[in-house]
Number of protein chains: 2
Amino acid sequence: MINTTRRNLLRGGALITAGLATGRAMANGPDPLITEPQDWAIYTGDGVDATPYGMPIEYEGGVIRRNVPWLTADTISSINFTPIHALDGTITPQGCAFERHHSGAIALRKEDYRLMVNGLVETPSVFSYFDLERFPRETHVYFCECAANTGMEWAGAQLNGAQFTHGMIHNMEYVGVPLRTLLFEVGADISLKNWVYVEGADASSNGRSIPMEKALQDCLIAFKANGEGLRMEHGYPVRLVVPGWEGNMWVKWLRRIEVIDRAVESREETSKYTDVLEDGTARKWTWVMDAKSVITSPSPQSPISHGTGSLVISGLAWSGHGKITRVDVSTDGGKNWTIARLDKQGDRKALTRFYLDMEWDGGEMLLQSRAIDETNYVQPTKSQLRQLRGENSIYHNNCIQTWYVNEQGQAENVEVS
Amino acid sequence: MINTTRRNLLRGGALITAGLATGRAMANGPDPLITEPQDWAIYTGDGVDATPYGMPIEYEGGVIRRNVPWLTADTISSINFTPIHALDGTITPQGCAFERHHSGAIALRKEDYRLMVNGLVETPSVFSYFDLERFPRETHVYFCECAANTGMEWAGAQLNGAQFTHGMIHNMEYVGVPLRTLLFEVGADISLKNWVYVEGADASSNGRSIPMEKALQDCLIAFKANGEGLRMEHGYPVRLVVPGWEGNMWVKWLRRIEVIDRAVESREETSKYTDVLEDGTARKWTWVMDAKSVITSPSPQSPISHGTGSLVISGLAWSGHGKITRVDVSTDGGKNWTIARLDKQGDRKALTRFYLDMEWDGGEMLLQSRAIDETNYVQPTKSQLRQLRGENSIYHNNCIQTWYVNEQGQAENVEVS
């Protein structure tokens, strides 16, 4: 099934020279036999004064974050989804990276920023932004996934696009100061029975409790993403990065870190961000995002536009437990599986891009992907997940996603039993 | 010299709690003893409808590409420099990534895009953009450096800022089709005596000859950078990526690839992009960008804004020959060297970030960095380079850069003999 030589793209006559252009090229392209030079080859273009900060070209105007109005009561406590169906590779540009707010995105100047570290510490301290810049920094790529990503799918195939079913995720290169460095700086009691309680400067404050072990392991007090300052909507000037754990704990506009001898049991870790099971009891402290994957193209927003023959299936896989070691792809709803090509394996707890280079015969497909991580955990089906967790859950849905692809190459979100 | 415990930041009394805020925080910050909640903790912020595509916050408005008007006759054949003094980590966001044009940046729609592959091939072919999307893709992070980067410094310390002396470089994650894949597809004669001649769709066409060995090795026909489509000014929708080699060969708006039995000796590889030596003869085929580094902070545009004590020195290193294996930093103009911390070693032919975490006594410094790559090549001093190449050169200046830092923490571009 995997294509070994690409020559059949030519033999298949898909090329313009063979008079059989791909669907879109044929539909929208100019005459392939160009006799006159085009304007852009005769006239000069924009000078460098046109773009002090380079924006996407107008033709890419559709590659933007989108929200689903009926999902939330208002837009200040809502979600803007990453357009993962239109992106490739592993890095998410900040401008496209999903945003989720509980009381809106606030504008906070570096000069006004303060971080208090108090509680079980020798020297309670307040750090300015410029103090933070004086500690040793680290650079790491990590994915950030909202615990509610794919949450609507518990009840069925509800949202028709990878952007909406799986777009509460982004993957950026962060620069920041390890949380452990600040805890050592203030002489915190780092015994492992202790916790740190973190909260943001926005009205929601969004407080969360983090076990000391995780706080000392790999949490980062981040002030750069993909080289630049954070975007306002991602917590400028400082957000907490909690690698592999649910996005709600990545507190934005980080205001305070309290070292405490027990969990706070805040709203965000009791009535929210817990999983109500079939018997009404709630799973809590479900911090780690389990192994998960999704095919980003073809998908409902990214149909096959070129007819039969060579087809690139592209997708993303990730695990809060570390590295992705294998991704399988099925075109028949999970009956048969083919091992996908892991193109660029990200760092641990970062997105991995996978591809399957295949020949499409033009028949219907039920596309699925299944991720396996370094702990040998295998991404479950939706029915396996429902058996364990019932259907009252909202958060932590990492089930296998199915796209139905019809003979015209259009894709649709479906469930297979 | 390297700081082992950070406790002295507290003991040094640099913290607000100790009543001695850092320079900028003291100058611009509010009273550290806040009794009233701030507006941003009371009122809700922007909703998700505010930012379909997230732009940098207004406070970062100074972090932009800049040109030097007197460098070029007009802006359509000019340079916009990357603000490397204000960035950190290794990834360059597209909006900040330098642009260099020979006849301006052109707007070319995917639907209008065509790539011809002709010459010594079995099947001369024209590919549409959508044809290219059907070939197996790869994802790689590479730096792109203009051969003229640091070129003004041959004649002395002329431009006062890392953005202007070293800002003709960027580092992005590319997704594309290997050039070798298209050469195989059309049945090219790939004997190593042959070359490929590549040209762009813009008015300059900017044609360059590439030896077959490099064309088969790692060149990429790229259509995504950092996840998104390329920016218009970087060759949207398709540019050639020539890892480790001078940026002029990374042809934008790639229009044609001709397989040919000799180099074309085009304008861009004879009268330009060659190095005129002391005796008037010219070095040519100087494609590989040798090992190089620069301290990005402190630097003239990024002075030390806090007093004495803990100071983070941050910089970038890269080599067209592969990996950076070591970076040394000197604070006394090259008399003594300390091995810097390589924070996140990039892929081969990608930027590496280095740091030196030191204690600054408030004395004057002559800051230098020296890169060493996997071939054990050591970045030379400017005088070593002048002895070899004279002072007629413009291109390929990879000499050690010196910043003079005064007792107030301000930095200046200087030469040391």
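Being a predicted model, the structure only gives us computed values, none of them experimental. (Residues numbered from 1 in each chain as written. Chains lettered and ligands numbered in written order. Predicted model: local features only at pLDDT ≥ 70, side-chain atom pairs only at ≥ 80, totals over all residues. Heavy atoms only, no water.)

Participant: Tell me what's going on with the environment of B:Gly161, and back it up with residues and numbers.
Facilitator: With respect to the helices and strands, the residue B:Gly161 is situated in the loop between β5 (138–145) and α5 (162–166). With near-sequence residues (within four places) excluded, B:Gly161 lies in contact with B:Pro300, B:Gln301 and B:Trp403. (Helix = DSSP H or I, 4+ residues; strand = E, 2+ residues; numbered from the N terminus. Contact = heavy atoms within 4.5 Å.)

Participant: Quick rundown of the packing of aromatic side chains? Include the residues and the values.
Facilitator: All names here are of chain A. Throughout the structure, instances matching the rule amount to 24 aromatic pairs over all chains. Centre to centre, the rings of tyrosine 273 and tyrosine 395 are 4.7 Å apart; their planes meet at 25°, and the pair counts as stacked. Taken together, the positions of tyrosine 273 in the loop between β12 (254–260) and β13 (275–276) and tyrosine 395 in the loop between α8 (382–389) and β22 (402–405) put the pair 122 residues apart, joining distant regions of the chain. For tyrosine 395, a relative accessible area of 10% corresponds to the buried category. An aromatic cluster of three or more residues is present, and its members are Trp195, Trp245, Trp285 and Trp287. Between arginine 370 and the ring centre of tryptophan 337, over which it is positioned, the NZ or CZ distance is 4.1 Å. (Phe/Tyr/Trp six-rings, centres within 6.5 Å; stacked < 30°, edge-to-face > 60°. Buried < 20%, exposed > 50% of the residue type's maximum accessible area, 1.4 Å probe, protein only. Lys NZ or Arg CZ within 6 Å of the ring centre and 35° of its normal.)

Participant: How would you explain the sheet that holds strand β4 (residues 125–128) of chain A if you had to name every residue and give the values?
Facilitator: Residues and elements named next belong to chain A. In space, the five strands of this open sheet follow the order β4-β3-β12-β7-β8, with mixed pairing throughout. Looking at strand neighbours, the two that pair on one side only are β4 and β8 (208–211), the edges of this open sheet. Across this sheet, the average inter-strand angle for adjacent strands is 20°, counted without regard to direction. Of the pairings in the sheet, the one linking strand β7 (residues 195–200) to β8 comprises four bridges and is antiparallel in character. (Pairing = 2+ DSSP bridges. Axes fitted to C-alpha atoms, helices over the stretch in contact; angles between N-to-C directions.)

Participant: Before we move on, can you summarise the relation of the copies chain B and chain A with the specific residues and values?
Facilitator: Screw-axis analysis of chain B against chain A gives a translation of 0.0 Å along the axis, an RMSD of 0.0 Å, and a rotation angle of 180°. The superposition operator between the copies reduces to a two-fold rotation axis. Among all C-alpha atoms of chain B, that of B:Pro93 lies closest to the rotation axis, at 3.7 Å. By residue overlap, the copies meet face to face through one surface: 100% of the interface positions of chain B are interface positions in chain A. (Least-squares fit on C-alpha atoms with pLDDT ≥ 70 in both.)

Participant: Give a detailed account of the interface of chain B and chain A, specifying residues and quantitative values.
Facilitator: With 114 residues of chain B at the interface, the matching set in chain A holds 115 residues. The largest contributions to the chain B side of the interface with chain A come from B:Trp40, B:Val48 and B:Arg134, which together make up 9% of the buried area. Where chain B packs against chain A, one counts four salt bridges. B:Arg137 serves as the salt-bridge partner of A:Asp88, at 2.6 Å between the closest nitrogen and oxygen. Between the two partners, chain B and chain A, sit 44 residue pairs in polar contact (both at pLDDT 80 or more). (Buried area = accessible area lost by both parts, 1.4 Å probe. Salt bridge = Lys/Arg side-chain N within 4 Å of Asp/Glu carboxyl O. Polar contact = N/O pair within 3.5 Å; in protein donor to acceptor, adjacent residues only side chain to side chain.)

Participant: Explain the pairing of strand β21 (residues 365–373) of chain A residue by residue, including any values.
Facilitator: Residues and elements named next belong to chain A. Along β21, eight of the nine residues are buried, which leaves the element largely enclosed by surrounding structure. Pairing between strand β17 (residues 324–330) and β21: six bridges, direction antiparallel. Pairing of arginine 326 across the sheet is with isoleucine 372, part of β21. Bridge analysis of β21 against β22 gives four bridges, and the strand direction is antiparallel. Within β22, the position partnered with leucine 366 by the bridge is tyrosine 404.

Participant: If you had to explain the sheet that holds strand β15 (residues 292–297) of chain B to someone new, which residues and values would you point to?
Facilitator: Residue and element names in this part refer to chain B. Taken in spatial order, the four strands of this open sheet run β15-β16-β20-β19, and their pairing is antiparallel. In this open sheet, the two edge strands, each paired with only one partner strand, are β15 and β19 (341–344). Here the strands of the sheet are splayed against their neighbours by 35° on average, with no regard to which way each runs. Relative to strand β20 (residues 352–360), β19 runs antiparallel, the two being bridged by three bridges.

Participant: A description of the environment of B:Gly390 should follow, citing residues and the corresponding values.
Facilitator: All names here are of chain B. When you line up the elements, glycine 390 lands in the loop between α8 (382–389) and β22 (402–405). Between the C-alpha atom of glycine 390 and that of leucine 277, which follows or precedes it by 113 residues, the distance is 5.8 Å. Dropping the residues within four chain positions of it, glycine 390 is found in contact with Trp154, Glu278 and Leu385.

Participant: Outline the pattern of salt bridges, listing residues and values.
Facilitator: Taken as a whole, this structure holds 56 salt bridges over all chains when the rule is applied. As a salt-bridge pair, B:Arg208 and B:Glu269 come within 3.3 Å of each other at their nearest N and O atoms. Residue B:Arg208 is located in strand β8 (residues 208–211), and its partner B:Glu269 is located in the loop between β12 (254–260) and β13 (275–276); the two are separated by 61 residues in the primary sequence. We classify B:Glu269 as buried; its relative accessible area is 1%. By sharing partners, the salt bridges in this structure join A:Glu199, A:Arg255, A:Arg256 and A:Glu258 into a single network.

Participant: Report on the pairing of β4(A), specifying residues and quantitative values.
Facilitator: Residues and elements named next belong to chain A. Side chains Ser125 and Phe127 project from β4 onto one buried face, and the interleaved Val126 and Ser128 project onto a second face that is buried too. Sheet analysis places strand β3 (residues 114–119) next to β4, joined by four bridges and oriented antiparallel. Each bridged residue has a counterpart across the sheet, and for valine 117 the counterpart in β4 is serine 125. As consecutive antiparallel partners, β3 and β4 are separated by five residues.

Participant: Lay out unusual backbone geometry in plain terms, naming residues and giving numbers.
Facilitator: Residue and element names in this part refer to chain A. The peptide bond linking tyrosine 236 to proline 237 adopts the cis configuration, its omega dihedral lying at 5°. Inspection of the secondary structure assignment puts proline 237 in the loop between β10 (228–229) and β11 (239–241). Positive phi outside glycine occurs at asparagine 206, with the angle close to 50°. Following the sequence through the fold, asparagine 206 ends up in the loop between β7 and β8. For asparagine 206, a relative accessible area of 9% corresponds to the buried category.

Participant: Describe the side chain of A:Thr90, and please don't skip the residues or the numbers.
Facilitator: Within the fold, A:Thr90 resides in the loop between β1 (79–80) and β2 (99–100). For A:Thr90, a relative accessible area of 5% puts it in the buried group. Polar contacts involving the side chain of A:Thr90 include one to the side chain of B:Glu173, which spans 2.4 Å. Not counting residues within four places of it along the chain, the set of residues in contact with A:Thr90 comprises A:Asn171, A:Lys344, A:Leu351, A:Arg353 and B:Glu173.

Participant: Which residues make up α8(B), and what values do they have?
Facilitator: Within an α-helix, residues lying three or four positions from one another point in the same direction, as the helix has 3.6 residues per turn. Residue and element names in this part refer to chain B. Listing the buried residues of α8 in full gives Lys382, Leu385, Arg386 and Arg389. Down the axis of α8, the buried set is contained in an arc of 100°. They therefore lie on one face. Turned more than 90 degrees off the buried face of α8, the exposed positions are Gln387 and Leu388. On its buried side, α8 packs onto β13 and β14 (282–283). One or two positions beyond α8, positive phi appears at glycine 390, with a value near 70°. (Arc of directions from axis to C-beta.)

Participant: Give me the environment of A:Glu258: which residues, what numbers.
Facilitator: All names here are of chain A. Relative to the assigned elements, glutamate 258 resides in strand β12. Distance in space between the C-alpha atoms of glutamate 258 and leucine 120 is 7.5 Å, their sequence separation being 138 residues. Leaving out residues up to four positions away in the same chain, glutamate 258 has contacts with Asn118, Gly119, Trp195, Val196 and Tyr197. In this structure the side chain of glutamate 258 is engaged in a polar contact, spanning 2.7 Å, whose partner is the side chain of arginine 256.

Participant: Describe the confidence of the model for chain A, with residues and values.
Facilitator: All names here are of chain A. In the predicted model, chain A carries a mean pLDDT of 91, and 91% of its residues have values of at least 70. The low-confidence segment residues 1–14 (pLDDT under 50) makes 45 contacts with residues lying over four places distant or belonging to another chain. Across residues 16–31, confidence stays below pLDDT 50; counting only partners more than four residues off in sequence or on other chains, it has 39 contacts. Reported confidences for the modelled complex are a pTM of 0.93 and an ipTM of 0.93. (pLDDT = per-residue confidence, 0-100.)

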